Amino acid sequence: MINTMECAVDAQSLISISLRKIHNSRTQRGGIKLHKNLLVSYVLRNARQLYMSEKYAEIYRMQQYEEVMTVCNEIQELNPLDLAEDCMEQSGDCCGNGGGSEPASLCGALLPASHTAAQSAHIQTATACSAPLSLHAEEVCKEPDTSFYRSCCAEPYPVSNCDFSPANGMHCNKTTVLDLDTHVVTTVENGYLHQDCCAPLQQCCQGAQTPAKKRKVDFGYYVTEPEEVPDFTPCKRARFDDFSCLNSDQLDSSNISNLISIFGSGFTGLVSRQADFEQTLNGQFCSTQALASLGAWTRAIVAF
Amino acid sequence: MAGVGGGNDFQWCFSQVKGAIDEDVAEADIISTVEFNYSGDLLATGDKGGRVVIFQREQESKNRPHSRGEYNVYSTFQSHEPEFDYLKSLEIEEKINKIRWLPQQNAAHFLLSTNDKTIKLWKISERDKRAEGYNLKDEEGRLRGDPFRITSLRVPVLMPMDLMVEASPRRIFANAHTYHINSISVNSDHETYLSADDLRINLWHLEITDRSFNIVDIKPANMEELTEVITAAECHPHQCNVFVYSSSKGTIRLCDMRAAALCDRHTKFFEEPEDPSSRSFFSEIISSISDVKFSHSGRYMMTRDYLSVKVWDLNMENRPVETYQVHEYLRSKLCSLYENDCIFDKFECCWNGSDSAIMTGSYNNFFRMFDRSTRRDITLEASRESSKPRALLKPRKVCTGGKRKKDEISVDSLDFNKKILHTAWHPKENVIAVAATNNLSSLPDVSATLYLLAKPPLKNPPLKKMLGRR
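Rules of the game
- Sequence order as written defines residue numbering, which begins from 1 separately in each chain.
- Chain letters start at A and ligand numbers start at 1, both assigned in the order the entries are written.
- The predicted origin of the model limits local features to residues at a pLDDT of at least 70 and limits the giving and counting of side-chain atom pairs to 80 or more, whereas totals for whole chains, interfaces and linings rest on all residues.
- Only hydrogens and water are set aside; all other atoms, that is, all heavy atoms of the structure, feed into the side-chain values.
- Under the DSSP-based scheme used, a helix requires at least four consecutive residues in state H or I and a strand at least two consecutive residues in state E, with every element numbered from the N terminus.
- What a helix is expected to span follows from its residue count: subtract one and scale by 1.5 Å.
- Burial classification: accessible surface area is computed with a 1.4 Å probe over protein chains only, and a residue below 20% of its type maximum counts as buried, one above 50% as exposed, and the rest as partly exposed.
- In what follows, salt bridge is the name for a side-chain nitrogen of Lys or Arg lying within 4 Å of a carboxyl oxygen of Asp or Glu.
- In this analysis, strands are considered paired if DSSP registers two or more bridges between them.
- For helices, the axis comes from a line fit to the C-alpha atoms of the stretch in contact; other axes are also lines fit to C-alpha atoms, and the angle between any two N-to-C directions lies between 0 and 180 degrees.
- Orientation categories follow fixed angle ranges, with anything under 35 degrees roughly parallel, anything over 145 roughly antiparallel, 65 to 115 roughly perpendicular, and all other angles oblique.
- It is the rotation of the near helix from the far one that decides the hand of a crossing: anticlockwise by less than a right angle makes it left-handed, clockwise makes it right-handed.
- By definition in these notes, contact holds between two residues if any of their heavy atoms fall within 4.5 Å.
- Note on residue classes: Ala, Val, Leu, Ile, Met, Phe, Trp, Tyr, Cys and Pro are nonpolar, Asp, Glu, Lys and Arg are charged, and everything else, Gly too, is polar.
- We define a nonpolar core as any set of buried Ala, Val, Leu, Ile, Met, Phe, Trp, Tyr and Cys residues linked to one another through side-chain atoms lying within 4.5 Å.
- Every residue carries a pLDDT, the predictor's confidence in it, which falls somewhere between 0 and 100.
- Polar contacts, as counted here, are pairs of nitrogen or oxygen atoms within 3.5 Å of one another; within protein the pair requires one atom able to donate a hydrogen and one able to accept it, and residues that are adjacent in sequence qualify only if both atoms are side-chain atoms.

Asks: Can you help me understand helix α1 (residues 11-25) of chain A in this one?
Replies: Since the α-helix turns once every 3.6 residues, residues separated by three or four places project in the same direction. All names here are of chain A. The terminal C-alpha atoms of α1, which comprises 15 residues, lie 21 Å apart, in line with the 21 Å expected from a rise of 1.5 Å per residue. Buried residues dominate α1, accounting for 12 of its 15 residues. Restricting attention to buried positions, one finds in α1 the residues A11, Q12, S13, L14, I15, S16, I17, S18, L19, K21, I22 and S25.

Written out as structure tokens, the structure is:
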């Protein structure tokens, strides 16, 4: 019997249902069914895309609101001229690899303000948009020695590899990790919002902690072939690519929305076809925290 | 049915019901494949327990006119046993995924049956004579006590005996598939056949078991880049160099084995562009093709995805020539169907002998038939309650919304545990075999014969019944 009232169509529950199916398929008789799990992963991807886009929209809305509030609080205290000078020095630094449209707009707001003589007037008469942006840039540029970028989310993120190319992109992947053995949920973040930040990569990467490695799942684990040389067991062919761990759980800690981070880069064939912000970061290394939980990950991968 | 038998509408009767009487169906009894042989005289079923049951049609007889054309158990044997792969710590299910008959070339019958990993060629032969009058052995086959007492020799003679049907495995084609086998198909050359798993298709020679040719391999170098799997494959009915395979993305590729040894590059690519307005979370799942069947003529092929059946002209790749909605009312229920796993059900479809009609199954033990020329369709139910012999089956209708009329069933009352996944149509006559959850119902047209097939219960091995049956 199907009752449409009870059907949960929201992305979060779909994600958890999908993960449960994948988890259950481990103990299914006859081995894991590749076809079914592939289809489930499609649903997972669709649900996650929707979930991510909703989250980003919410974050962006929140951030806009915060910036407006910040402006209102501080605009009376600051001397517009000082602000302009600061921005003159730092805007050049800050507006590094502006890739997306939003960084461009950020920098766009800063540069004209910094180069014109009558910038004070500009700033004073600036709309609420540009002033908070200037402030934002200033905040970012004030902390070049930290390994953190202040993203527009107003939360610190650990910086990833310095070898970013614009093509690689940086992105804020909020992923919640479910350990299939201990059933412990950890929310991790890596990178930062590509579109919102325009701080330079090289400069701010100095104190970078060793970037994290994200785990890729290889669906070949559970169906190994005689011609492929497995490791000590057929299942432990995990390739650890990028895995980041920050225990910031501001965004959504409690509930169920569990994305096994292996699916963050798993099925790159599915993911890369989308024009979304999920790209694998290669050649990065585990942080200590990541390494500590690697054992649990191995067990999770072994399942597959 | 319009088409064979001419002119009359969709009128069907129950003929026989074969199955367990009680409601408790053992998991192992669930029928997993149904297949008529080339003449239609034999009907083979495979079940989840690895058993194959073959039914034979009764010959016409003046003595028993009412049993003309009835299908009775002919042979039962255990085709596959559960196995365990110690290297991967995986259990290999004994469930029979597919049965395919070979064309008959002598008195014996041959069929291929497969589970997830191993294909077997079975020979089903009759024995109705035995030699009697051995010199050294007595009637029971025991050696005579004192061979030195024999003073004269005699030639044993063949005496008639009660019919015995024996099934023996003649070939075992093993260890060629890493992934789960979903299809087998006998080639029109009657020498080769293909087997398909999720990522590879192999070509076998029926005589050679220790090697096969891999003709399609869609496994990506990096498994993380996997985007689609093979879901079904079939050889062309007349051109022995042509075969098709369908994918989980809703595409069909036709390959010509003359073009290259490895048919990774297709000759034709059939895909209907997706309607962007109907995009949902489950678009990929419902577009996955669960079955592909060539028409008898070889001009068309039919594919079944979750909600529809499509008929393709082999000469037109960009869209199907006909699309039939099987249960469009389920489109709004996809989320629930995903939760209870029904969305992963793999329905089969089949053509009638003249390719004028097609049939496929649905839920609530409903099955649907579509007449291609008149575009009429009908929904019938295979259930015990309505299975009065020789009574016409009443067409069913699902009410999708609004006021429910009398005799209609609302979508929410459908029983999604009762599903018809496997159906088969007699190659020449209007006789169909429909496998419901635990029953096997064979339904012909009124103008033809009336059948009801029942799957024999497990505790009563039909082995006893088939001896002496003629």
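Asks: Would you mind showing me how to read the side chain of S13 of chain A here?
Replies: Structurally, S13 of chain A is set in helix α1. On the basis of relative accessible area, S13 of chain A is assigned to the buried category, the value being 13%.

Asks: Before we go on, may I ask you to explain unusual backbone geometry in this structure?
Replies: When glycine is set aside, most residues are seen to have a negative phi, and most peptide bonds are trans. Residues and elements named next belong to chain B. Despite not being glycine, D355 shows a phi value in the positive range, around 65 degrees. Tracing the backbone shows D355 in the loop between β24 (349-351) and β25 (357-361). The phi dihedral of N365 is positive, around 55 degrees, even though this residue is not glycine. Note that N365 resides in the loop between β25 and β26 (366-371). Judged by its relative accessible area of 7%, N365 falls in the buried class.

Asks: Explanation requested: the pattern of salt bridges in the structure shown.
Replies: Opposite charge on two side chains permits pairing when their charged atoms draw close. In total, this model carries 32 salt bridges over all chains according to the counting rule given. Among the ionic pairs, E284 of chain B bridges to R45 of chain A, the shortest N-O distance being 3.0 Å. Here E284 of chain B is found in helix α1 (residues 283-287), whereas its partner R45 of chain A is found in helix α2 (residues 34-74) on a different chain. Side by side, E284 of chain B and R45 of chain A carry an identical accessibility label, which is buried. Measuring nitrogen to oxygen at the nearest pair gives 3.7 Å for the salt bridge that ties D210 of chain B to R211 of chain B. Of the two residues, D210 of chain B and R211 of chain B, both sit in the exposed class. Connected through shared salt-bridge partners, R29 and K33 of chain A together with E91, E93 and E94 of chain B make up one network.

Asks: Any chance you could explain the pairing of strand β2 (residues 31-36) of chain B here in plain terms?
Replies: Side-chain positions along a regular strand alternate between the two faces of the sheet. Residues and elements named next belong to chain B. The buried fraction of β2 is high, at six of six residues. Where β2 and strand β3 (residues 42-47) come together, five bridges link them in antiparallel fashion. Opposite I31, over in β3, you have D47 as the bridge partner.

Asks: Just checking my understanding: could you explain the pairing of β3 of chain B for this structure?
Replies: Residues and elements named next belong to chain B. With six of six residues buried, β3 lies mostly within the body of the structure. A two-sided burial pattern is seen for β3, the buried positions comprising L42, A44 and G46 on one face and L43, T45 and D47 on the other. Once β2 ends, the chain turns through five residues before running back antiparallel as β3, passing G40 with a positive phi of about 85 degrees. Judged from the five bridges that link them, β3 and strand β4 (residues 51-57) form a sheet pairing that is antiparallel. Within β4, the position partnered with T45 by the bridge is V53. Taken together, β3 and the strand that follows it, β4, pair antiparallel across an intervening segment of three residues, in which G50 is found at a positive phi of about 85 degrees.

Asks: Can you help me understand the packing of α1 of chain A against α2 of chain A in this one?
Replies: When two helices pack together, their arrangement is given by the angle between the helix axes and the distance between those axes. Residue and element names in this part refer to chain A. Between α1 and α2, whose axes approach to 9 Å, the crossing angle comes to 155 degrees. It follows that α1 is roughly antiparallel to α2 by the angle criterion. Helix-helix and strand crossings are classified by hand; for α1 and α2 the assignment is left-handed. Touching A11, Q12, L14, I15, S18, L19, K21, I22 and S25 of α1 are N37, V40, V43, L44, A47, R48, L50 and Y51, all from α2. A class-by-class count of the residues in the contact of α1 with α2 yields 11 nonpolar, four polar and two charged.

Asks: Explanation requested: the nonpolar core in the structure shown.
Replies: The nonpolar side chains of soluble globular proteins are, as a tendency, buried together. Ranked by size, the top nonpolar core spans 36 residues in total, and within it F282, Y306, L330, Y338 and I343 of chain B carry the most contacts. Elements supplying a minimum of two residues to this core: α1 and α2 of chain A together with α1 and α2 (334-339) of chain B. Sequence-distant contacts of Y306 of chain B, that is, excluding residues within four places in its chain, are made with I286, S288, H327, L330, L334, L337, C342, I343, D345, F347 and Y363 of chain B.

Asks: Looking at this structure, I do not really get the environment of R331 of chain B. What am I missing?
Replies: Residue and element names in this part refer to chain B. Its location among the elements puts R331 in the loop between β23 (322-325) and α2. Along the primary structure R331 and S278 are separated by 53 residues, whereas in three dimensions their C-alpha atoms are 9.6 Å apart. Ignoring sequence-local partners within four residues, the contact set of R331 consists of S278, I286 and L307.

Asks: Please explain the sheet that holds strand β20 (residues 291-294) of chain B as it appears in this structure.
Replies: Within a sheet, neighbouring strands are paired by backbone hydrogen bonds and run either parallel or antiparallel to one another. All names here are of chain B. Taken together, the four strands give an open sheet; going across it, the order is β20-β21-β22-β23, and neighbouring strands pair in antiparallel fashion. The strands lining the two open edges of the sheet, one partner per strand, are β20 and β23. For this sheet, the mean angle separating the axes of adjacent strands, direction not counted, is 15 degrees. Pairing geometry for strand β22 (residues 308-313) and β23, over four bridges, is antiparallel. Across the sheet, the residue bridging to S308 is Q325, located in β23.

Asks: Explain the sheet that holds β24 of chain B to me, please; I cannot follow it from the model alone.
Replies: Residue and element names in this part refer to chain B. Read from one edge of the open sheet, four strands run β24-β25-β26-β27, paired in antiparallel fashion. At either margin of the open sheet sits one strand with a lone partner, and together these are β24 and β27 (377-381). Direction aside, neighbouring strands of the sheet carry axes that sit 20 degrees apart on average. In terms of strand pairing, β25 meets β26 through five bridges, oriented antiparallel. Each residue of the ladder has a partner; that of A357, found in β26, is D371.

Asks: Is there a simple way to explain the confidence of the model for chain A in this structure?
Replies: Close inspection of predicted coordinates is inappropriate for parts of the model with low pLDDT. Across chain A, the average pLDDT comes to 52, with 22% of residues at or above 70. Of the regions scoring below 50 in pLDDT, residues 191-304 of chain A engages in 312 contacts with residues more than four places distant in sequence or in other chains.

Asks: Quick question: what am I supposed to make of the environment of K310 of chain B here?
Replies: Residue and element names in this part refer to chain B. Among the secondary structure elements, K310 is positioned in strand β22. Placed 13 residues apart in sequence, K310 and T323 show a C-alpha to C-alpha distance of 4.4 Å. What K310 contacts, discounting residues up to four positions off in sequence, is E272, M301, M302, T303, D305, P320, E322 and T323. Of the polar contacts made by the side chain of K310, one reaches the side chain of E272; its length is 2.8 Å.

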